[in-house]
Amino acid sequence: TFNFSAGPAMMPEPVLEEIRDEMMNYRGSGMCVMEMSHRSPVFQQIIDEAEQDLRDLMGIPDNYKVLFIQGGATLQFSMIPMNLMKNGKAVYIETGAWSKKAIKEAQKVGEVIVAASSKDKNYTYVPDCSDLEIPEDTDYVYICENETIHGVTWNKLPNTKGHVLVSDQSSMFLSKPCNVSDYGMIYAGVQKNVGPAGMVVCIIREDLIRDDLTDLPIYLQYSTHAGAGSMYNTPNCWAIYCCGKVFKYLKSIGGLEEMHKRNLDKAKVFYDFLDSSKMFKGTVEPEFRSLMNIPFVTGSADLDKEVVTATKAAGYDNLKGHKSVGGLRASIYNAMPKEGVEALVKFLKNFEANYGK
Ligand code: PMP
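The text that follows walks through the structure, step by step, so that each part is easy to find. Fair warning: this is a prediction, and the values are worked out from it, not measured in the lab. (Residues numbered from 1 in each chain as written. Predicted model: local features only at pLDDT ≥ 70, side-chain atom pairs only at ≥ 80, totals over all residues. Heavy atoms only, no water.)

### A few points about the nonpolar core
- Residues Leu54, Met58, Phe173, Leu174 and Ile203 are the most contacted members of the largest nonpolar core, which totals 57 residues.
- When residues in this core are grouped by element, the largest group, nine residues, is from helix α6 (residues 237–252).
- Not counting residues within four places of it along the chain, the set of residues in contact with Met58 comprises Gln169, Phe173, Leu174, Cys178, Val180, Ile186, Ile203 and Leu256.
- Phe4, Met10, Phe270 and Val345 belong to the second-largest nonpolar core, a separate cluster that totals 33 residues. (Core = buried A, V, L, I, M, F, W, Y, C linked by side-chain atoms within 4.5 Å. Buried < 20%, exposed > 50% of the residue type's maximum accessible area, 1.4 Å probe, protein only. Helix = DSSP H or I, 4+ residues; strand = E, 2+ residues; numbered from the N terminus. Contact = heavy atoms within 4.5 Å.)

Put into structure tokens, the structure is as follows:
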């Protein structure tokens with residue numbers, strides 16, 4: 001089955017095979033990683049290597065902390081304003097469902113200025129953010145760098161005019177090279193482009209981690225996690241182990257440059273098909289099309305449904321669009337091979353050619 005789910009999603013097959021091989025006895029420990037104490041030297045090595053491999057992959061500078069936190073990307077919608085709003089003011093850019101959710105949570109904590117929005121065209125583009133009005137005392141500028149539901153992505157970061165940039169990279173994490181020092185903080189739920197659900201990776205500049213937030217619940221302070229090497233409490237050991245394997249796998253294939261090349265190549269196969277089809281149409285302005293999540297429609301809700309049923313029966317799963325927008329969506333994260341996209345395109349071409357005959 002080729003799984004086109006928006007997440008949890010496919011993992012690289014060689015990684016799954018390695019995990020299978022280590023399942024009953026991790027490197028002579030006599031245990032599965034699921035059974036291991038997080039305080040054991042053997043697990044300490046797993047988490048240390050995972051962090052180091054991620055640092056190598058992304059070129060994360062030494063003045064950034066890498067944190068593995070539970071609560072998914074959703075908890076970050078709250079933790080970010082709770083920790084980073086020093087003056088109680090932040091600028092958010094509204095580009096779709098996930099930035100909207102983040103805005104809603106931040107509004108509970110302080111003043112949110114929505115400086116630009118693409119709501120006018122149903123979130124099918126990224127607004128021009130080269131000259132935003134940003135008050136001097138703004139604590140940070142927030143973006144969702146790839147909107148998973150609407151399938152729009154940022155090709156050029158906003159001009160924050162010297163303010164801290166915070167980015168939700170959940171559905172594009174490690175899909176292309178990233179200059180970490182352009183950001184104050186990057187975070188990503190790992191269940192799309194990396195590993196199993198239940199964890200978020202936060203990459204945060206050290207000077208943004210405050211130790212004066214003693215009234216905040218301890219788990220919600222970045223300083224708690226930073227001070228304890230992501231092990232203040234029992235971490236998601238299994239997710240850390242699996243993500244570590246994926247980081248090593250990405251290094252072995254040539255890193256993020258190579259991954260980006262493959263992702264461009266793969267997405268082109270699908271977008272070329274959409275641009276040539278009479279039945280299927282992409283919903284996003286070409287300049288802002290995501291390499292990871294491709295929403296498309298036939299124009300008829302009934303026909304969309306038929307396509308979902310037919311594709312599922314043929315072994316192409318999870319092509320239903322998100323319930324809030326309908327239509328269809330193919331998520332083609334790092335682990336989706338080009339052959340999967342080519343096979344789906346072939347199937348859809350046949351479907352179109354034979355429809356109504
Ligand atoms: N941000 C984005 C861009 C997402 O796609 C998602 C999940 N689909 C989330 C945040 C929320 O992630 P989680 O389910 O890990 O809380």
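So much for the structure itself; the text now carries on.
### Brief notes about the environment of Glu287
- Tracing the sequence through the fold places Glu287 in the loop between β11 (281–282) and β12 (293–297).
- C-alpha separation for the pair Glu287 and Tyr125, spaced 162 residues apart in sequence, amounts to 7.9 Å.

### Things to note about the pattern of salt bridges
- The final tally for this structure, using the stated rule, is 23 salt bridges.
- The residue Asp53 makes a salt bridge to Lys251 at a minimum N-O spacing of 2.7 Å. Placement of the pair is Asp53 in helix α2 (residues 41–58) and Lys251 in helix α6, with a sequence separation of 198 residues.
- The exposure class assigned to Lys251 is partly exposed, which follows from its relative accessible area of 35%.
- One salt bridge in this structure joins Asp272 and Lys268, with 2.6 Å as the shortest N-O distance. Taken together, the residues Asp272 and Lys268, both in helix α7 (residues 255–276) and four residues apart, mark about one turn of the helix.
- Take Asp272: its relative accessible area is 40%, and that puts it in the partly exposed class.
- Judged by its relative accessible area of 49%, Lys268 is partly exposed.
- Three or more residues joined by partner-sharing salt bridges are found here, namely Glu49, Asp53, Asp56, Lys248 and Lys251. (Salt bridge = Lys/Arg side-chain N within 4 Å of Asp/Glu carboxyl O.)

### Quick notes on the pairing of strand β2 (residues 64–69)
- For β2, the tally of buried residues reaches five of six residues, placing the bulk of the element in the interior.
- Across six bridges, β2 lies against strand β10 (residues 200–205) in antiparallel orientation. In the sheet register, Phe68 faces β10, and the bridge partner there is Val201. (Pairing = 2+ DSSP bridges.)

### Observations regarding the packing of aromatic side chains
- Applying the stated criterion across every chain yields a total of 13 aromatic pairs.
- Summarising the aromatic geometry, the rings of Phe273 and Phe280 are spaced 5.8 Å apart at their centres and angled 50 degrees between planes, so their arrangement reads as tilted.
- Counting every residue linked through ring pairs, the aromatic cluster contains Phe270, Phe273, Phe280 and Phe296.
- Sitting over the face of the ring of Tyr125, Lys121 holds its NZ or CZ atom 5.4 Å from the ring centroid. (Phe/Tyr/Trp six-rings, centres within 6.5 Å; stacked < 30°, edge-to-face > 60°. Lys NZ or Arg CZ within 6 Å of the ring centre and 35° of its normal.)

### Some points on the pairing of strand β4 (residues 111–117)
- As judged from the six bridges shared by strand β3 (residues 89–94) and β4, these two strands associate in the parallel manner. Residue pairing across strands places Glu94 opposite Ser117, the latter belonging to β4.
- Regarding the hand of the β-α-β motif, the stretch spanning β3, helix α4 (residues 97–106) and β4 is right-handed. (Right-handed = clockwise from strand over helix to strand, strands pointing away.)

### Focus on unusual backbone geometry
- Cis geometry marks the peptide bond from Gly7 to Pro8, where omega comes out at -5 degrees.
- By the secondary structure assignment, Pro8 is in the loop between β1 (2–3) and α1 (13–22).
- Phi at Tyr123 is positive, roughly 60 degrees, even though this residue is not glycine.
- According to the relative accessible area criterion, Tyr123 is buried, its value standing at 5%.
- Positive phi, close to 70 degrees, is recorded for Asn318, a residue that is not glycine.
- Turning to its location among the elements, Asn318 is positioned in the loop between β13 (316–317) and β14 (328–331).

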